[in-house]
Amino acid sequence: MGASSKPRLSGVQKQVLALYRGFLRTARSKSPEERSRIESIVSAEFRHNSSQVDRKNFLYIEYLLRRGKKQLDQLKSPDTVGLSSLNVEISQPKRP
């Protein structure tokens with residue numbers, strides 16, 4: 001067996017990639033306008049989380065995976081026509 005030059009992926013990394021591919025596959029079933037919108041939202045969300053979430057914070061990563069799977073299940077529904085994003089800013093209370 002030949003050695004592969006690609007690094008081995010952990011189980012969590014495989015789950016994240018499978019979720020990402022699932023979103024892209026599901027986006028194909030929507031209208032062309034919604035498809036591009038879904039792809040851009042999903043790409044931005046995954047990029048944001050890859051740079052902001054500590055790779056050793058498994059609890060939070062597992063939470064994001066569960067949340068993403070629920071969103072993907074909702075998006076797969078024929079009644080769902082699109083995906084929206086919600087940006088929530090959490091500010092620290094100002095100290096006197």
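Given the structure is predicted, the values throughout are model-derived calculations rather than measurements.

Participant: Account for the nonpolar core, naming residues and giving values.
Facilitator: Side chains of nonpolar character tend, in soluble globular proteins, to be buried together. Within the largest apolar cluster, 13 residues are counted, with the highest numbers of intra-cluster contacts made by Leu19, Phe23, Ile38, Val42, Leu75 and Leu83. At the level of elements, helix H1 (11–27), helix H2 (32–52) and helix H3 (58–76) are the ones that each hand at least two residues to this core. Of the residues forming this core, the biggest block, five residues, is contributed by H3. Isoleucine 38 has contacts with Ala27, Lys30, Leu75, Gly82 and Leu83, leaving out every residue within four places of it along the chain.

Participant: Which residues make up H3, and what are the values?
Facilitator: The α-helix winds at 3.6 residues per turn, so residues separated by three or four positions along the chain end up facing the same way. The first and last C-alpha atoms of H3 sit 26 Å apart over 19 residues, in line with the 27 Å expected at 1.5 Å per residue. On the buried face of H3, the contacting elements are H1 and H2.

Participant: For H2, give the residues involved together with the corresponding values.
Facilitator: For H2, which comprises 21 residues, the first-to-last C-alpha distance of 30 Å matches the rise-based estimate of 30 Å (1.5 Å per residue) to within 8%. Along H2, the residues classified as buried are Glu34, Ile38, Ile41, Val42, Ser43 and Asn49. Tucked inside the fold, the buried residues of H2 contact H1 and H3.

Participant: Tell me about the confidence of the model for the chain, and name the residues and values.
Facilitator: Chain-level statistics for the chain give a pLDDT mean of 84 and a share of 82% at 70 or above. Of the regions scoring below 50 in pLDDT, residues 88–92 engages in zero contacts with residues more than four places distant in sequence or in other chains.

Participant: Explain the environment of serine 77 to me, using residue names and the numbers behind them.
Facilitator: With respect to the helices and strands, serine 77 occurs in the segment after H3. Judged by its relative accessible area of 24%, serine 77 is partly exposed. Along the sequence, serine 77 and threonine 26 sit 51 residues apart, while their C-alpha atoms lie 9.5 Å from each other.

Participant: I'd love a proper account of the packing of H1 against H2, names of residues and values included.
Facilitator: Closest axis-to-axis distance for the H1/H2 pair is 9 Å, and the angle between their directions is 165°. Taken as axis vectors, H1 and H2 run roughly antiparallel relative to one another. Between H1 and H2 lies a crossing of right-handed hand. Along its contact with H1, which presents Val16, Leu19, Tyr20, Phe23, Leu24 and Ala27, the element H2 presents Arg35, Ile38, Glu39, Val42, Ser43 and Phe46. Among the residues making up the contact of H1 with H2, the classes are represented as nine nonpolar, one polar and two charged.

Participant: Residue-level account of the packing of H1 against H3, with values.
Facilitator: At their nearest, the axes of H1 and H3 sit 10 Å apart, and the two run at 20° to each other. In this view, H1 runs roughly parallel relative to H3, as classed from their interaxial angle. Relative to H3, H1 is oriented so that their crossing is left-handed. Of the residues in H3, those touching H1 at Val12, Gln15, Val16, Leu19, Gly22, Phe23 and Thr26 are Ile61, Leu65, Gly68, Lys69, Gln71, Leu72, Leu75 and Lys76. Of the residues that constitute the contact of H1 with H3, the class distribution is eight nonpolar, five polar and two charged.

Conventions and cut-offs
- Residues numbered from 1 in each chain as written.
- Predicted model: local features only at pLDDT ≥ 70, side-chain atom pairs only at ≥ 80, totals over all residues.
- Heavy atoms only, no water.
- Core = buried A, V, L, I, M, F, W, Y, C linked by side-chain atoms within 4.5 Å.
- Buried < 20%, exposed > 50% of the residue type's maximum accessible area, 1.4 Å probe, protein only.
- Helix = DSSP H or I, 4+ residues; strand = E, 2+ residues; numbered from the N terminus.
- Contact = heavy atoms within 4.5 Å.
- Expected span 1.5 Å × (residues − 1).
- pLDDT = per-residue confidence, 0-100.
- Axes fitted to C-alpha atoms, helices over the stretch in contact; angles between N-to-C directions.
- Parallel < 35°, antiparallel > 145°, perpendicular 65-115°, else oblique.
- Left-handed = near helix turned anticlockwise from the far one by under 90°.
- Nonpolar A, V, L, I, M, F, W, Y, C, P; charged D, E, K, R; others polar.

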